[in-house]
Amino acid sequence: MEQPTNLRGVDIRAEIDRLRKERNAVILAHYYQKPELQDIADFVGDSLDLSRKAAETDADVIAFCGVRFMAETAKILSPQKTVILPDMDAGCSLEDSCPPDQFAAFRKAHPDAIALTYINCSAEVKGLSDVIVTSSSAEKILAQIPKSQPIIFGPDRNLGGYLARKTGRDLILWPGVCIVHEAFSETELLKLKAQHPGAPVAAHPECPAIILDHADYVGSTRGILEYANAMPGDTLIVATEPHIIHQMEKSMPDKHFIGAPGADGNCNCNICPYMALNTMEKLYVALRDLSPRIEIEEGLRLRAKKSLDAMLAMASATVGQGDLGPARVTGD
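The structure displayed is predicted, hence computed values, not measured ones.

> So what's going on with the sheet that holds strand β7 (residues 151–154)? Residues and values would help.
One open sheet accounts for four strands, arranged β6-β5-β7-β8; its pairing is parallel. The sheet is open, and its two edges are formed by β6 (131–133) and β8 (172–173), each paired on a single side. Here three bridges tie strand β5 (residues 114–118) to β6, and the two strands are oriented parallel to one another. Bridge pairing links Leu116 to Val131 in β6. Packed on one face of the sheet, helix α6 (residues 100–109) meets β5, β7 and β8 and runs near 145° to β5.

Structure (structure tokens):
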């Protein structure tokens, strides 16, 4: 979607605020969005948390400043609400790496395995999965599945590999990656660590193992924020999409945050090109026109919701490992 034109003289921020009230809309922004979108949002956070917060509101419209799979998740949880995405081309390399027909064939090739699928996937792939996981819930959910149960993990091989190494579980990995987290350079990270001795590294588990091996903390975007707040020092190297640093600087102005570098030390290759498609102008037009909209066929929505519901139940469970067997988590 091209940048909207013919907006000369329009006070975009004021118009967004007007339309937010007029449409009874809630504006959501992921941590990886541009600072101006984070600042105008009603809620800023991780993708699932945002969808759950929106579902709890009485808003008629959800304007999701994020990427398509996130807006789909909001629609799955709030089917009665109108869900709009500023730019429908805002996709995800992990989603693109896992076409539903290929994932279905992969499942058929491993008939005894259940599918634990990272939330960064399409509604269709969610509908083909048994349990959806987030980077913060995956380990807890994995611990509730018997060790004898074969498990497919997709679409992120880096997150799956991290979980396999940490838990000792054998996982059948789908070979997808996030292009943003693949862009970090070990050589450049080591140079940065040498320039800032003693500064810890916080990394998202979508990073390759060669980056995670140098991390003092590995966790979700929210987890990285919490680590930054709790750490005793005043400097942190951050190995995830750098727009999260905006929230860190707002809430912790006395600390210094440095984005981990890409291959040449100063490229913008670790900025998500999909997240960058959303702009204030496109948000305004989306609220004005209530388009582009996320629409999901009801049967697919219910299949996808089943795997999301399984995640929410297991993520909040207090049962021990093995208490939830295959019959509890295997889909139809």
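> Account for the side chain of Thr221, with residues named and values stated.
Here Thr221 lies in helix α13 (residues 221–230). With relative accessibility at 3%, the residue Thr221 sits in the buried group.

> Could you give an account of the packing of aromatic side chains, with specific residues and numbers?
Inspection of every chain in the model, using the stated rule, returns three aromatic pairs. Judged by centre distance (5.8 Å) and plane angle (65°), the ring pair of Phe103 and Trp174 falls under edge-to-face. Here Trp174 lies in the loop between β8 and α10 (179–182) and Phe103 lies in helix α6, a separation of 71 residues in the sequence. The exposure class assigned to Phe103 is buried, which follows from its relative accessible area of 0%. Residue class for Trp174 comes out buried when judged on its relative accessible area of 6%. Note on Tyr217 and Tyr227: the rings are 4.9 Å apart at their centroids and 10° apart in plane angle, and the pair reads as stacked.

> Run through the sheet that holds strand β12 (residues 256–259), naming residues and quoting values.
In space, the four strands of this open sheet follow the order β10-β9-β11-β12, with parallel pairing throughout. Among the strands making up the open sheet, the edge pair consists of β10 (217–218) and β12. Sheet topology note: the strand β11 (residues 235–239)/β12 ladder contains four bridges and is parallel. Directly across from Thr235, in β12, lies its bridge partner His256. The strands touched by helix α14 (residues 244–251) are β11 and β12; relative to β12, the strand with the most contacts, the crossing angle is about 175°.

> Would you mind going over α6 in detail, with residue names and values included?
Among the residues of α6, those classed as buried are Phe103, Phe106 and Arg107. Angularly, the buried residues of α6 cover 100° about the axis, an arc narrow enough to put them on a single face. Seen from the open side of α6, the exposed residues pointing more than 90 degrees away from its buried face are Asp101, Lys108 and Ala109. Close packing links the buried residues of α6 with β5, α7 (123–127), β7 and β8.

What counts and how
- Residues numbered from 1 in each chain as written.
- Predicted model: local features only at pLDDT ≥ 70, side-chain atom pairs only at ≥ 80, totals over all residues.
- Heavy atoms only, no water.
- Pairing = 2+ DSSP bridges.
- Helix = DSSP H or I, 4+ residues; strand = E, 2+ residues; numbered from the N terminus.
- Contact = heavy atoms within 4.5 Å.
- Axes fitted to C-alpha atoms, helices over the stretch in contact; angles between N-to-C directions.
- Buried < 20%, exposed > 50% of the residue type's maximum accessible area, 1.4 Å probe, protein only.
- Phe/Tyr/Trp six-rings, centres within 6.5 Å; stacked < 30°, edge-to-face > 60°.
- Arc of directions from axis to C-beta.

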